[in-house]
Amino acid sequence: MTTQQETPATAVTAEVYAEVQQFYAEHMHLLDNGTVDAWADTFTADAHFDVPTLPEPLRGREALAGSLRRTTAQLAAEGVRRRHWHGMVAVFPQADGTLRVRCYALVFSTPLGGDPALHRVCVCEDVLVREDGRLKVHRRKVTRDDLP
Amino acid sequence: MTTQQETPATAVTAEVYAEVQQFYAEHMHLLDNGTVDAWADTFTADAHFDVPTLPEPLRGREALAGSLRRTTAQLAAEGVRRRHWHGMVAVFPQADGTLRVRCYALVFSTPLGGDPALHRVCVCEDVLVREDGRLKVHRRKVTRDDLP
Amino acid sequence: MTTQQETPATAVTAEVYAEVQQFYAEHMHLLDNGTVDAWADTFTADAHFDVPTLPEPLRGREALAGSLRRTTAQLAAEGVRRRHWHGMVAVFPQADGTLRVRCYALVFSTPLGGDPALHRVCVCEDVLVREDGRLKVHRRKVTRDDLP
């Protein structure tokens, strides 16, 4: 949090802010829908993805796709739907053209025929880059509020 | 999800994205406040509203107003407040000038004097149109995560 | 709700709407991070802050800082993390240059090693003003859904 808030290169424009929101919306729809390849394509080929639910960070689009493929199969077998929400999205454009983002992330979990539940409360820190005009996640670090 | 993501007419602008967010905010404030007629006026006269809590889709502004009037009275009698949240809003402008929207929708429910609860996790797919310069819901389809 | 919806000075622009969202995101990150002075600086010096968890409204930046300092220490002692989310943000620019905002506010609470919980569902009404080009909260009134 310290770095990007103390040295923002420039204020975020409305255009970029809306683009980031739309990007996250589509990104999460693909994730929760289990649309594996299209979701993996919202990351750079060499993306670095660090989340506390995994024993070590994932590196690269293929590892990401494999991870989502396994999770999707497991949730389907359990009859559970997950929804990921980003909110309180703060975007800090950097001098090198990348976007640093700090936001909150909720995960909701609903079993078929059962009650919806709040599954996780997290903080997500992303570095977004532009490739061929489209935003992609280059680095992601997620921390969970229930873990030290 | 397939159609609008595969054939977006154009990318959404910051102006339209902000307008959709402001529209949903006011729309939900009116809904949860039980401001029946003003809420019904955020739909087209011939709106089609398909939600799994109703036995069949509602058609038209008068049916919508009647439905909200009954729900508002029932919640007041129970001493319960509902809050509807849209999030992860993806907007896909179409060639005909309409906007297709896919977003997540949460419903929170709080009894007076009691604890707040997550009531529903849903997906909402809207077709928004412009009438006299203002956005209105022309079609809405809501699916609940707990139902097949 | 009545006043600002019946007499909006002008429609909100995409620039201002994005600025308000970015402002709230940074504001809540500072709050939940316990970054007391920087958070207090997101209010005007004479801010008026009315929330039902406090016996009477707080007046002024120093009172706000003191309140957050106490809350931060208490949550740290309890091993609990809080996250404040604004959503369904409706912005109504006024003729005097201020912004009236009506939005929903969620508070999530997660004990270290435990399950996350929805703590509060609230409505937040703000008057935002601009000082030296930056938005600040001049007045805030929060109501809780579980209280009459």
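Procedures and definitions
Residues numbered from 1 in each chain as written. Chains lettered and ligands numbered in written order. Predicted model: local features only at pLDDT ≥ 70, side-chain atom pairs only at ≥ 80, totals over all residues. Heavy atoms only, no water. Helix = DSSP H or I, 4+ residues; strand = E, 2+ residues; numbered from the N terminus. Buried < 20%, exposed > 50% of the residue type's maximum accessible area, 1.4 Å probe, protein only. Contact = heavy atoms within 4.5 Å. Pairing = 2+ DSSP bridges. Buried area = accessible area lost by both parts, 1.4 Å probe. Salt bridge = Lys/Arg side-chain N within 4 Å of Asp/Glu carboxyl O. Polar contact = N/O pair within 3.5 Å; in protein donor to acceptor, adjacent residues only side chain to side chain. Nonpolar A, V, L, I, M, F, W, Y, C, P; charged D, E, K, R; others polar. Least-squares fit on C-alpha atoms with pLDDT ≥ 70 in both. Disulfide = S-S within 2.5 Å. Phe/Tyr/Trp six-rings, centres within 6.5 Å; stacked < 30°, edge-to-face > 60°.

### Let's talk about the side chain of His86(B)
Phase 1 of the analysis: Residue position: His86(B) is located in strand S3 (residues 80-93).
Phase 2 of the analysis: For His86(B), a relative accessible area of 7% puts it in the buried group.
Phase 3 of the analysis: Excluding residues within four positions of it along the chain, His86(B) makes contact with Trp85(A), Tyr24(B), Met28(B), Cys103(B), Tyr104(B), Ala105(B), Cys124(B), Asp126(B), Arg140(B) and Met88(C).

### Brief notes about the pairing of strand S6 (residues 134-144) of chain B
Residue and element names in this part refer to chain B.
Phase 1 of the analysis: In this structure, strand S1 (residues 43-50) lies alongside S6, joined through four bridges in parallel fashion. Pairing of Asp 50 across the sheet is with Lys 141, part of S6.
Phase 2 of the analysis: Of the pairings in the sheet, the one linking strand S5 (residues 117-131) to S6 comprises 10 bridges and is antiparallel in character. Residue pairing in the sheet places Asp 126 in a bridge with Arg 140 of S6.
Phase 3 of the analysis: Counting the residues that bridge the hairpin from S5 to S6 gives two residues, and of these Asp 132 lies at a positive phi of roughly 50°.

### Focus on the interface of chain A and chain C
Phase 1 of the analysis: Each partner contributes to the interface: chain A provides 30 residues, whereas chain C provides 27 residues.
Phase 2 of the analysis: Carbon and sulfur atoms make up 63% of the area that chain A and chain C hide from each other, which totals about 2200 Å².
Phase 3 of the analysis: It is Met88(A), Tyr104(A) and Asp145(A) in chain A that bury the most area against chain C; as a group they hold 32% of the surface buried on that side.
Phase 4 of the analysis: The interface formed by chain A and chain C holds one salt bridge in total.
Phase 5 of the analysis: The salt bridge partner of Arg83(C) is Asp145(A), with a shortest N-O separation of 2.8 Å.
Phase 6 of the analysis: Scanning the region where chain A abuts chain C turns up nine residue pairs in polar contact (both at pLDDT 80 or more).
Phase 7 of the analysis: In terms of residue count, strand S3 (residues 80-93) of chain A provides more of the side of chain A that touches chain C than any other element does, eight residues in total.
Phase 8 of the analysis: When the residues that make up the side of chain A that touches chain C are grouped by side-chain class, the tally is 19 nonpolar, five polar and six charged.

### Quick notes on the pattern of salt bridges
All names here are of chain C.
Phase 1 of the analysis: Here the structure, examined in full by the defined rule, presents 32 salt bridges over all chains.
Phase 2 of the analysis: Between Asp 37 and Arg 69 there is a salt bridge, with the nearest N and O atoms lying 3.3 Å from each other. Of this pair, Asp 37 sits in helix H3 (residues 36-40) while Arg 69 sits in helix H4 (residues 61-78); the two residues are 32 residues apart in sequence, bridging distant segments of the chain.
Phase 3 of the analysis: Overall, the relative accessible area of 45% leaves Arg 69 in the partly exposed class.

### Structural notes on the relation of the copies chain A and chain C
Between the two copies of this chain, the relationship is a rotation about some axis together with a displacement along it.
Phase 1 of the analysis: At an RMSD of 0.0 Å, chain A and chain C line up after a rotation of 120° and a shift of 0.0 Å along the axis. This pairing of chains is accounted for by a three-fold axis. Closest approach to the rotation axis within chain A is made by the C-alpha atom of Ala14(A), at a distance of 3.4 Å.
Phase 2 of the analysis: Of the residues that chain A buries at the interface, just 20% are likewise interface residues in chain C, meaning the two copies contact each other through different surfaces.

### Considerations on the state of the cysteines
Phase 1 of the analysis: One pass over the structure, following the stated rule, counts zero disulfides over all chains.
Phase 2 of the analysis: For Cys103(B), which is in no disulfide, the shortest distance to another cysteine sulfur is to Cys124(B) and amounts to 4.5 Å.
Phase 3 of the analysis: Of the cysteine sulfurs around Cys122(C), a residue in no disulfide, the closest is that of Cys124(C), at 8.6 Å.
Phase 4 of the analysis: Take Cys122(C): its relative accessible area is 6%, and that puts it in the buried class.

### Remarks on the environment of Ala117(A)
Phase 1 of the analysis: Assignment of secondary structure puts Ala117(A) in strand S5 (residues 117-131).
Phase 2 of the analysis: Judged by relative accessible area, Ala117(A) falls into the partly exposed class, the value being 34%.
Phase 3 of the analysis: Once residues within four sequence positions are removed from consideration, Ala117(A) is found in contact with Val107(A), Phe108(A), Ser109(A) and Leu118(B).

### Quick word on the relation of the copies chain B and chain A
Phase 1 of the analysis: For the pair chain B and chain A, the superposition axis carries a translation of 0.0 Å, the fit reaches an RMSD of 0.0 Å, and the rotation angle comes to 120°.
Phase 2 of the analysis: When you check the interface residues of chain B against chain A, a mere 20% turn up at the interface there too, and the two sides of the contact use different surfaces.

### Considering the interface of chain B and chain A
Phase 1 of the analysis: At the interface, 30 residues of chain B touch 27 residues of chain A.
Phase 2 of the analysis: Where chain B abuts chain A, roughly 2200 Å² becomes buried across the two surfaces, and 63% of that area is made up of carbon and sulfur atoms.
Phase 3 of the analysis: Counting across the chain B and chain A interface gives one salt bridge.
Phase 4 of the analysis: In this structure, the connection of chain B to chain A is made through nine residue pairs in polar contact (both at pLDDT 80 or more).
Phase 5 of the analysis: Sorting the residues of the side of chain B that touches chain A by element identifies helix H2 (14-33), S3, strand S4 (99-111) and S5 of chain B as the ones contributing at least two each.

### Side note on the environment of Phe23(C)
Residue and element names in this part refer to chain C.
Phase 1 of the analysis: Within the secondary structure, Phe 23 is located in helix H2 (residues 14-33).
Phase 2 of the analysis: The exposure class of Phe 23 is buried, given its relative accessible area of 10%.
Phase 3 of the analysis: Once the C-alpha coordinates of Phe 23 and Ala 65 are considered, the two residues, 42 residues apart in sequence, prove to be 18 Å apart.
Phase 4 of the analysis: The contact partners of Phe 23, leaving out residues within four places of it in the chain, are Thr 42, Leu 128, Leu 135, Lys 136 and Val 137.

### Considering the packing of aromatic side chains
Phase 1 of the analysis: Tallying each qualifying case throughout the model produces 18 aromatic pairs over all chains.
Phase 2 of the analysis: Centroid distance Phe23(A) to Tyr24(A): 5.8 Å. Interplanar angle 50°. Geometry classified as tilted.
Phase 3 of the analysis: Classification of Tyr24(A) as buried rests on a relative accessible area of 1%.
Phase 4 of the analysis: Here the aromatic rings of Trp39(B) and Phe49(B) are separated by 6.4 Å at their centres, their planes lie at 85°, and the arrangement is edge-to-face. In this pair, Trp39(B) sits in helix H3 (residues 36-40) while Phe49(B) sits in strand S1, placing the two residues 10 residues apart along the sequence.
Phase 5 of the analysis: An aromatic cluster of at least three residues, connected via ring pairs, comprises Trp39(A), Phe43(A) and Phe49(A).

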